[in-house]
Amino acid sequence: MNVAFKRLSAADLNFNPARLQLERLVAFAREHWGIEGEFTPLEGERDQNHRVAAADGRSYVLKVSASGESEGAVDFQVAALRHLERQAPDLPAPRVVASQAGRDVEWIAAADGTRHMLRLLSWIPGVPVSQGRPPGVATLRNVAAFQARLACGLRGLFHAHARHFVAWDIQRALILDPGIQAWVAEDAKSLLAEFNQRVSRDVLPRLPGLRAQVVHGDGHADNLLRAGPDSDEIVGAIDFGDMVHAPLVQDLAVTLASFARHGTMSLDNAVAQVEAWNSVLPLGDDELEVLHDLTLLRLATALCLYDVRIHATEKPAAWLAEERPDIVRALTKFLALDRDEVHERYRAACGRVGRWPQAIDIASLRERRGRALGPSYRLFYERPVHLVRGEGTWLYDAEGRRYLDCYNNVASVGHCHPHVVAALSRQAATLNTHTRYLHDNVVRYAERLTATMPADLRVCYFVCTGTEANDLAIRIARVVTGQEGVIVSDDSYHGNSNVVGAASTCMYPKAEQPGWLATVPPPNGFRGEYRYGTPDLGLKYAAHIDTAIARLDERKQGAAAWLCDVIFDSNGTILPPGGYLEYTARAIRAAGGLFIADEVQSGFYRTGDEMWGFRYADVVPDIVTLGKPIGDGHPIGAVVTTPAIAAKFAEKFSYFNTFGGNPVSAAVGMAVLDVLEREGIQQNVIAAGKVLEAGLGQLAARYPLVADVRGKGLFWGLEIVRDRESRAPAVADADRIMNLLREDGFLLGRTGAFDNVIKIRPPLVFTPENARMLLDGLDRALGRV
Ligand SMILES: Cc1ncc(COP(=O)(O)O)c(C=O)c1O
């Protein structure tokens, strides 16, 4: 028998709800949660549920899972409710009540020896929309708006179980499965014959490209609560058992389909629901394009699953046969609608007039920009991208076109992460001053940030950019060491102030380097002096620092600092080879200087296994500089050093920065740390990084143009050459690849001394699935060069 069907029959049809004695439950609730009260049994397909009206007037739902229920599935629900509690505190959803032992789930053993998970949730007062007056358009609108708010609240939730198998999950398209089809009645088969073909041809291939997240997946009249039997107001959602990671628009399709089953449903009502959803959570063109088909697919899935239950289970529940005609009626009605008309009406409901609504004149914008900003500013791509909106790993242009962001590390935890935006807005609406007044935020932030670093790095200076961070770091190093010289790599980039600009050797001719600067070659095993496979590669490159120190001494400068971008981004992405950082740090200290680790590129889990790039080596820098990803787009920079260095610097200089460390920036910085701590970002970087590592390696094996693949986690460089023998940089080809990808909907960049290294450095929420999409895109582009 078909695999999908086997899973369906085992996991989804033969529910084995617990049947624990009431007295046991009462005693257990008293012992573990300390609650007592009146217990009333509630309906439940999988769980044994009781309402508990406690003596103090509060109400709860006590849920006992079926035996054999997946722990992951229960943990997923708990995690989602906890996430909503934090991210959308105003949204009425059940709250998880921890037991007195502090656990969200407790285990109970039944008399027959089976073990069950028990949860206590808060009770949401209200009446299911399925009860009381049939829902009118006002209720339907509120339902859709509520589901959109719920989807916003679930944004950013990661969970290992999010891709679990749910038969109702329409992206699985279970109806196409022959094992399922075998049970489907003839009327349904003929009704769906044509549609099923279209689903596999036109609908399913589009789904993996849509914006996706964890969705509630069951915006059904039984699961949404209204204030009273006649009320239009939606006051809560329950039942999170169908949650899955899916295209976001799937959640709206489920809602439309669920309410289409009510006799009063019409296209007008569906349009009203689309409009209401869109007013809370705007839909993209690509999402609108599939919405109607997904709605039909959900109805079709319902019909098939009803048939499976009616025909494949021993004693099908009576309501299955009673409700089936409603589904057939709704499906017949919606299949008969003109798809183009439905599509146009949905688009109009979302403010789209015609195909490209706001044809912005790109040429005129460029021309005005040239005048207003001057000629020094550069744009990416032959056809520059005019971005107007971002979300997670996605960016949207003025025409509604979507791009997968494979480049912007600044939006570290994703574009416009709601937790960060909320923290920013809250603090901006409360107070913004500077560090000359006492404020809790900046202190807490410094404490939290330094807690991620090794022992002695405990003092933070706040600035607004990576440039400022490096500028201050160099100033500290000079004051503390009494020496002037700075060592950087050839073709380095550290920022654009007078001093740091001079330390950014990729930006100007070598002959113009100042006397206080000395350079070392980057440890490039692909095209440098020593190649991969050379014994002690790291030490051989590292030894160059001795020459640089000697050169500074000759010039009577003395070495104040070795400023090292520990992922050598501007050198084409190079992970320091073994021993390199240890040796260079020792050497600079022996010369009386300090080791400054520039973590602007490599920090914040960019490479997955470690939060900071220097952590891969057995070394603790004297100073660490931070920027870019630290604020998810908000301008924050930081210099972290030891109390001893800070004390010595303070003997000569006080420090003030008008904007650095202000309460809003500190709130944003902490919100980014929250997300990093809570949302499985590191695990995501590791997982997506593995997909990229394997896939990029395969591309290099297939395309001679890709001569070297370097990187880790979510930072990769692809060295593009004309031929592998000469290693001649294929600059024009690299440029073409980048532009082809841009046209295909992927934003990447270039780096390296020759600008021939394709740079992949996406937001840290770039998922393994995003990675696979990018690999396909790269494959297409490389195939065309
Ligand atoms: C390694 C490194 N350090 C410092 C900077 C400067 O940061 P900012 O542009 O915020 O001044 C950059 C910017 O690209 C960088 O890549």
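Residues numbered from 1 in each chain as written. Predicted model: local features only at pLDDT ≥ 70, side-chain atom pairs only at ≥ 80, totals over all residues. Heavy atoms only, no water.

1. What to know about the site of the ligand
Every residue close to the ligand is listed here: Thr465, Gly466, Thr467, Asn470, Tyr493, His494, Gly495, Asp565, Asp598, Val600, Gln601 and Lys628. Within the backbone of Gly466, a nitrogen or oxygen atom sits 2.9 Å from an oxygen atom of the ligand. Between the ligand and Thr467, the relevant distance is 2.4 Å, taken from an oxygen atom to a side-chain nitrogen or oxygen of the residue. Contact with the protein chains covers 84% of the free accessible surface of the ligand, which is 390 Å². Tallied by class, residues from the shell around the ligand come to two nonpolar, seven polar and three charged. (Near = heavy atom within 4 Å. Polar contact = N/O pair within 3.5 Å; in protein donor to acceptor, adjacent residues only side chain to side chain. Areas by Shrake-Rupley, 256 points an atom, 1.4 Å probe, with all protein chains shown as cover. Nonpolar A, V, L, I, M, F, W, Y, C, P; charged D, E, K, R; others polar.)

2. Here's the deal with the sheet that holds strand E10 (residues 234-237)
As summarised here, the arrangement of the three strands in space is E7-E9-E10, forming an open sheet in which the pairing is antiparallel. Of all the strands in the sheet, the pair left with one neighbour each is strand E7 (127-128) and E10. With two bridges connecting them, E7 and strand E9 (residues 224-226) associate as antiparallel partners. Bridging from a neighbouring strand, Val127 pairs with Arg226 of E9. The strands touched by helix H4 (residues 137-154) are E9 and E10; relative to E10, the strand with the most contacts, the crossing angle is about 45°. (Pairing = 2+ DSSP bridges. Helix = DSSP H or I, 4+ residues; strand = E, 2+ residues; numbered from the N terminus. Contact = heavy atoms within 4.5 Å. Axes fitted to C-alpha atoms, helices over the stretch in contact; angles between N-to-C directions.)

3. What to know about the nonpolar core
Counting 94 residues, the largest nonpolar core has Leu449, Ile487, Leu626 and Leu676 as its most contacted members. Looking at this core element by element, the count peaks at nine residues for helix H21 (residues 663-678). Apart from the residues lying within four places of it in its own chain, the contact partners of Ile487 are Ala518, Val520, Ile545, Ala548, Ile549, Leu552, Ala559, Ala561, Trp562, Leu563 and Ile588. Leu121, Val274, Leu288 and Phe334 belong to the second-largest nonpolar core, a separate cluster that totals 93 residues. (Core = buried A, V, L, I, M, F, W, Y, C linked by side-chain atoms within 4.5 Å. Buried < 20%, exposed > 50% of the residue type's maximum accessible area, 1.4 Å probe, protein only.)

4. Here we look at the packing of helix H8 (residues 267-280) against helix H11 (residues 339-349)
Close contact between H8 and H11 brings their axes to 8 Å; oriented N to C, the two are set at 35°. For the pair H8 and H11, the sense of crossing is right-handed. Seen from H8, the contacting residues are Leu267, Asp268, Ala270, Val271, Val274 and Glu275; seen from H11, they are Glu341, Val342, Arg345, Tyr346 and Ala349. In terms of residue class, the contact of H8 with H11 is built from seven nonpolar, no polar and four charged. (Left-handed = near helix turned anticlockwise from the far one by under 90°.)

5. Here we look at the pattern of salt bridges
The full count for this structure, using the stated rule, is 44 salt bridges. When the shortest N-O distance is used, the salt bridge between Glu391 and Arg389 registers 3.7 Å. Each of Arg155, Arg211, Glu287, Arg389 and Glu391 takes part in a single network of salt bridges with overlapping partners. (Salt bridge = Lys/Arg side-chain N within 4 Å of Asp/Glu carboxyl O.)

6. Side note on the packing of aromatic side chains
Counted according to the given criterion, the structure contains eleven aromatic pairs. Ring geometry for Tyr445 against Phe462: centres 5.2 Å apart, planes inclined by 15°, an arrangement best described as stacked. Separated by 17 residues along the polypeptide, Tyr445 in helix H14 (residues 440-450) and Phe462 in strand E15 (residues 459-463) bring together distant segments of the chain. Residue Tyr445 shares its accessibility class with Phe462, and that shared class is buried. Cluster of aromatic residues (ring-pair linked, three or more members): Tyr461, Phe649, Phe653 and Tyr655. (Phe/Tyr/Trp six-rings, centres within 6.5 Å; stacked < 30°, edge-to-face > 60°.)

7. A word on the environment of Glu512
Mapped onto the elements of the fold, Glu512 is located in the loop between helix H16 (498-502) and strand E17 (517-520). Relative accessible area serves as the criterion here: at 55%, Glu512 is assigned to the exposed category.

8. Topic: unusual backbone geometry
You will see that Lys556, though not glycine, has its phi angle at about 60°, which is positive. Exposure remark for Lys556: the relative accessible area of 74% places this residue in the exposed category. Not every positive phi belongs to a glycine, and Arg727 is a case in point at roughly 60°. If you trace the backbone, Arg727 turns up in the loop between strand E23 (715-720) and helix H23 (731-743). Accessibility expressed as a relative area gives 22% for Arg727, which makes it partly exposed.

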